[in-house]
Amino acid sequence: MAEIAAARPFPFTFDPATTALIVIDMQRDFIEPGGFGATLGNDVTRLQAIVPTVAKLIGGARASGVPVIHTRECHASDLSDCPPAKRLRGAPTLRIGDTGPMGRILIAGEPGAEIVPELAPAAGELILDKPGKGAFYATPLGEELARLGSRSLIFAGVTTEVCVQTTMREANDRGFDCLLAEDATESYFPAFKAAALDMIRAQGAIVGWTATVEEVLEALGV
Ligand code: TIU
């Protein structure tokens, strides 16, 4: 067993042999100018800044044999898996499926839907495309984690209070011990990131734990 003694709100104990790292939606559409995140009016610079830290965490997981699972929020080219309620909401500069500088916004196979090159999945790593904010909804994630025998999950990715927190809550309800790597996640809104971290670890880790990437890597011995 491994332990992150400094995890918040109290030490996180896990068996690396039954742990997986889930990297949420580190896609060009959220992280680069001209993608989905930018069409919603966000400054994407904050998200770009965590790429090296996420890379470090992925490297540590690979070095210690912890499986890495990558997710991508995107839709089929015919939009059959995109509810109109999602596509038509608000007044973005471009809607899901419209053509932007990185191809069609949030559409599978388009350049914008790809994971940023610095975090490219390694051969054999699972990549799950998801139509929703949570990675369990309409994906085989639950079955894949059962196949791996995972019991504990470490989370990274964007954005903290949207897809990361939604997935972490889904996982918590499914019986996983969940830890969010604080400096390997980011939001377009600093106050939302801070609030999400607080609400995850409040009430005796009601959703899960948080720790820094250094603390995670130290516990993995890498
Ligand atoms: N808009 C926003 O903050 N996030 C999303 O739409 N998706 C994810 O978090 N991946």
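As a reminder, the structure under discussion sits directly above these lines.
The rules behind the values
- Residues numbered from 1 in each chain as written.
- Predicted model: local features only at pLDDT ≥ 70, side-chain atom pairs only at ≥ 80, totals over all residues.
- Heavy atoms only, no water.
- Helix = DSSP H or I, 4+ residues; strand = E, 2+ residues; numbered from the N terminus.
- Rg over C-alpha atoms; globule rule 2.2 N^0.38 Å.
- Buried < 20%, exposed > 50% of the residue type's maximum accessible area, 1.4 Å probe, protein only.
- Lys, Arg positive; Asp, Glu negative; His and termini not counted.
- Charge placed at Lys NZ, Arg CZ, Asp CG, Glu CD.
- Axes fitted to C-alpha atoms, helices over the stretch in contact; angles between N-to-C directions.
- Parallel < 35°, antiparallel > 145°, perpendicular 65-115°, else oblique.
- Left-handed = near helix turned anticlockwise from the far one by under 90°.
- Contact = heavy atoms within 4.5 Å.
- Nonpolar A, V, L, I, M, F, W, Y, C, P; charged D, E, K, R; others polar.
- Near = heavy atom within 4 Å.
- Polar contact = N/O pair within 3.5 Å; in protein donor to acceptor, adjacent residues only side chain to side chain.
- Areas by Shrake-Rupley, 256 points an atom, 1.4 Å probe, with all protein chains shown as cover.
- Expected span 1.5 Å × (residues − 1).
- Pairing = 2+ DSSP bridges.

Student: What am I meant to see in the overall build of the protein here?
Tutor: For the protein, the helix and strand inventory stands at nine helices and ten strands. For 222 residues, the compact-globule estimate of 2.2 N^0.38 gives 17 Å, and the C-alpha radius of gyration of the protein, at 17 Å, lies within 12% of that figure. Across its three principal axes, the protein shows a C-alpha extent of roughly 50 × 35 × 30 Å. Across the 222 residues in the protein, those meeting the buried criterion constitute 51%. Looking at charge distribution, the protein has the averaged site of its 19 positive side-chain charges lying 4 Å from that of its 28 negative ones.

Student: Looking at this model, I keep getting lost on the packing of helix 7 (residues 160-173) against helix 8 (residues 190-205). Mind explaining?
Tutor: Any two packed helices are characterised by how steeply their axes cross, that is the angle between the axes, and by the distance between the axes. In contact at an axis separation of 10 Å, helix 7 and helix 8 are set at 15° when each is read in the N-to-C sense. With respect to helix 8, the element helix 7 is oriented roughly parallel. Crossing of helix 7 against helix 8: the hand is right-handed. Residues Thr-160, Glu-161, Gln-165, Met-168 and Arg-169 of helix 7 lie in contact with helix 8, whose contacting residues are Phe-192, Lys-193, Ala-196, Met-199 and Ile-200. For the contact of helix 7 with helix 8, the class distribution of residues is five nonpolar, two polar and three charged.

Student: Help me out: how do you make sense of the site of the ligand in this one?
Tutor: Every residue close to the ligand is listed here: Asp-25, Phe-30, Phe-36, Leu-40, Glu-73, Lys-133, Val-158, Thr-159, Val-162, Cys-163 and Tyr-188. At 2.8 Å from a nitrogen atom of the ligand is found a side-chain nitrogen or oxygen belonging to Glu-73. The backbone of Val-158 places a nitrogen or oxygen atom 3.2 Å from a nitrogen atom of the ligand. Computed on the free molecule, the ligand has an accessible area of 290 Å², of which 93% lies beneath the protein chains in the complex. Classifying every residue of the shell around the ligand gives seven nonpolar, one polar and three charged.

Student: Mind showing me how you'd approach helix 4 (residues 51-63) here?
Tutor: Since there are 3.6 residues in each turn of an α-helix, residues three or four apart along the chain are aligned in direction. Over its 13 residues, helix 4 extends 18 Å from the first C-alpha to the last, a length consistent with the 18 Å expected when each residue adds 1.5 Å. Listed as buried for helix 4 are Val-51, Val-54, Leu-57, Ile-58, Gly-60 and Ala-61. One or two steps after helix 4, the chain reaches Gly-65, where phi turns positive at roughly 80°.

Student: For this particular structure, what's the right way to read the pairing of strand 4 (residues 68-73)?
Tutor: Successive side chains on a regular strand alternate, one facing one side of the sheet and the next facing the other. With six of its six residues buried, strand 4 lies for the most part within the structure. The alternating pattern of strand 4 places Val-68, His-70 and Arg-72 and Ile-69, Thr-71 and Glu-73 on opposite faces, both of which are buried. Of the pairings in the sheet, the one linking strand 4 to strand 7 (residues 126-130) comprises five bridges and is parallel in character. The partner of Glu-73 across the bridge, within strand 7, is Lys-130.

Student: What should I look at first to understand the sheet that holds strand 8 (residues 152-158) in this one?
Tutor: Strands sit in the order 7-4-3-8-9-10 across an open sheet of six strands; the sheet is parallel. The strands lining the two open edges of the sheet, one partner per strand, are strand 7 and strand 10 (209-211). Ignoring strand direction, the axes of neighbouring strands in this sheet form an average angle of 25°.

Student: Help me out: how do you make sense of the packing of helix 4 against helix 9 (residues 213-220) in this one?
Tutor: With their axes 10 Å apart at the nearest point, helix 4 and helix 9 run at an angle of 10° to one another. Taken together, helix 4 and helix 9 sit at an angle that is classed as roughly parallel. Facing Thr-53, Lys-56, Leu-57 and Gly-60 of helix 4, the residues of helix 9 in contact are Val-213, Glu-214, Val-216, Leu-217 and Leu-220.

Student: What is the right way to look at the pairing of strand 3 (residues 19-24) in this model?
Tutor: Among the six residues of strand 3, six are classified as buried, and the element is accordingly described as predominantly covered. Every second residue of strand 3 is oriented toward a common face, with Thr-19, Leu-21 and Val-23 on one face and Ala-20, Ile-22 and Ile-24 on the other, all of them buried. The sheet contact formed by strand 3 and strand 8 spans six bridges and is parallel. Bridge pairing in strand 8 links Ile-24 to Gly-157.

Student: Honestly, the environment of Leu-145 in this entry has me stumped. Any pointers?
Tutor: With respect to the helices, strands and loops of the structure, Leu-145 is situated in helix 6 (residues 141-148). Residue classification places Leu-145 among the buried positions, given a relative accessible area of 0%. Along the sequence, Leu-145 and Leu-197 sit 52 residues apart, while their C-alpha atoms lie 24 Å from each other. Those residues in contact with Leu-145, other than ones at most four positions away along the chain, are Ala-20, Ile-22, Ile-69, Phe-136, Ser-150, Leu-153 and Phe-176.

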